[in-house]
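Structural characterization, general
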Amino acid sequence: MEILAAVLREPNGRLSVEEIQIAAPGRGEVLVRIAASGLCHTDWETMHGQQPVNLPAVIGHEGAGVVEAVGPGVTLVQPGDHVALSWSPNCGHCFYCDRGQPILCEVATAANAKGVLFDGTTRFSSDGQPIHYYSLVSSHAERTIVPEQAAVPLRRDFPLDRAALLGCAVTTGYGGAVHAGRVRPADSVVVIGCGAVGLSAVQGARIAGAFPIVAVDVNPLKLTWAERLGATHTVNATERDPVALVRDLTHGRGADVAIEAAGHNVTIRQALEASRPGGRVVILGKTAFGQEVSFPFTILMGEREIVRTSYGMSRPRQDFPMLADLSMRGELHLDEMITMRLPLADINRGFAELQGGNVARALVVFDG
Ligand SMILES: [Zn+2]
Ligand SMILES: [Zn+2]
């Protein structure tokens, strides 16, 4: 079948929107018609050569849509199901899956590293040449084929554009606060970096009952969003030292939970410095592949627990439906995080806007 897809052919910052071929779903795989696909900063890093991947590839890893067909042996979904796509589908029987750490699944990690599905091949091609996968999802396309474990069914009344956000940013940020950060009522929380992941961490902290919730960014617009979504205090780090403010608000101790969601050396250091002795530091951001990060060793003193996680220690198959329920109950605000919607043909403009910084989430939306 011919589909329109955004293909990264060279890591030169631009995607090629072109017609490519998609095969039929194989054993244990499902064909999903994409309804919406979020533009994540990790895509941008990949487009600029900061994260190594096999090219050409259909990128995008934050999508939702409707199951159109299933391959042999599929039992978890059926055609017509509304699904959000998880970039961490796990095999269920490797060393890590057996140890209860499915996010580290060896089968998924190996496939992801090569840009293929679990069987080591891809379903995309162009002129007979294979086109790789990205994060086992490849959602910047009209259709994709994913392992059935990656297609997480959702209630039908939950809008598919909001569902796309569950695929990466919201699950990562909410989980960063609630699962990795273990935020409890009245915990003091600081969130550094207020893109879609940080804003979701602010919401996770709010839903968990934290106070104060200090949001830090260098962009006033993002701080406005953070305030709207639950931050009790905001700091523009170009105007005021966020570490000093957090200490002021916490009897000089630092925050119970410090969450980093910007991916810079300076912000990782701020998160460490803004946490209290005995507190938790959750690092959600990531720097460019191979880049070293530095900070004074003394920051590591004081019994802090430091966690780095990419999916907020979430379990997508449990968390996506739970987050959909929170959204439908009006507790988790997702519409408010969608800054712009655009057609696939304009995806490069969307990434330019993302780079410009005045975007929480830009969504590629597809006609029904
Ligand atoms: Zn992402
Ligand atoms: Zn596994």
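The paragraphs below set out a description of the structure included in this document.

Rules of the game
Residues numbered from 1 in each chain as written. Chains lettered and ligands numbered in written order. Predicted model: local features only at pLDDT ≥ 70, side-chain atom pairs only at ≥ 80, totals over all residues. Heavy atoms only, no water. Helix = DSSP H or I, 4+ residues; strand = E, 2+ residues; numbered from the N terminus. Buried < 20%, exposed > 50% of the residue type's maximum accessible area, 1.4 Å probe, protein only. Contact = heavy atoms within 4.5 Å. Areas by Shrake-Rupley, 256 points an atom, 1.4 Å probe, with all protein chains shown as cover. Lys, Arg positive; Asp, Glu negative; His and termini not counted. Charge placed at Lys NZ, Arg CZ, Asp CG, Glu CD. Pairing = 2+ DSSP bridges. Salt bridge = Lys/Arg side-chain N within 4 Å of Asp/Glu carboxyl O. Donors = N, O, S within 2.8 Å, 3.2 Å for Na, K, Ca; no water.

This part is about the overall build of the protein chain. If you tally the helices and strands in the protein chain, you get 11 helices and 18 strands. By residue count, 58% of the 368 residues in the protein chain fall in the buried class. Of the contacts formed within the protein chain by residues at least 6 apart in sequence, a portion of 69% connects residues at least 24 apart. Of the roughly 14800 Å² that the protein chain leaves accessible, carbon and sulfur atoms contribute 50%. Charged side chains of the protein chain number 31 positive and 38 negative; the gap between the two group centres comes to 5 Å.

This paragraph deals with the pairing of strand E9 (residues 143-147). Within E9, 5 of the 5 residues are buried, which leaves the element mostly enclosed by the surrounding structure. When strand E3 (residues 29-38) meets E9, the two strands line up antiparallel, connected through 5 bridges. Opposite Leu31, over in E9, you have Ile145 as the bridge partner.

According to the stated counting rule, one finds 18 salt bridges in the structure shown. Salt-bridge contacts for Asp346 lead to Arg349; the nearest nitrogen and oxygen are separated by 3.4 Å. A residue is classified by how much of its surface remains accessible, and Asp346, at 29% relative accessible area, is partly exposed. Judged by relative accessible area, which is 41%, Arg349 ranks as partly exposed.

The zinc ion (ligand 1) binds to the protein through Cys40 (SG), His61 (NE2) and Cys168 (SG), with metal-donor distances spanning 2.0 to 2.2 Å. Between consecutive donors of the zinc ion (ligand 1), the numbers of intervening residues give the motif C-x20-H-x106-C. Of the two residues, Cys40 sits in the loop between E3 and helix H1 (41-47) while Cys168 sits in the loop between helix H4 (160-166) and helix H5 (169-180), which places them 128 residues apart along the sequence. Comparing Cys40 with Cys168, the two get one shared label, buried.

Looking now at the environment of Tyr96. By the element assignment, Tyr96 lies in helix H2 (residues 95-98). Separated by 57 residues in sequence, Tyr96 and Pro153 have C-alpha atoms that sit 24 Å apart. Those residues in contact with Tyr96 that lie beyond four places of it in its chain are Gln101, Pro102, Leu104, Cys105 and Glu106.

Spatially, the 5 strands line up as an open sheet ordered E4-E1-E2-E7-E8, and their pairing is antiparallel. Of all the strands in the sheet, just strand E4 (57-58) and strand E8 (129-131) have a single pairing partner and so form its edges. Here 2 bridges tie strand E1 (residues 2-8) to E4, and the two strands are oriented antiparallel to one another. The residue of E4 that forms the bridge with Leu8 is Ala57.

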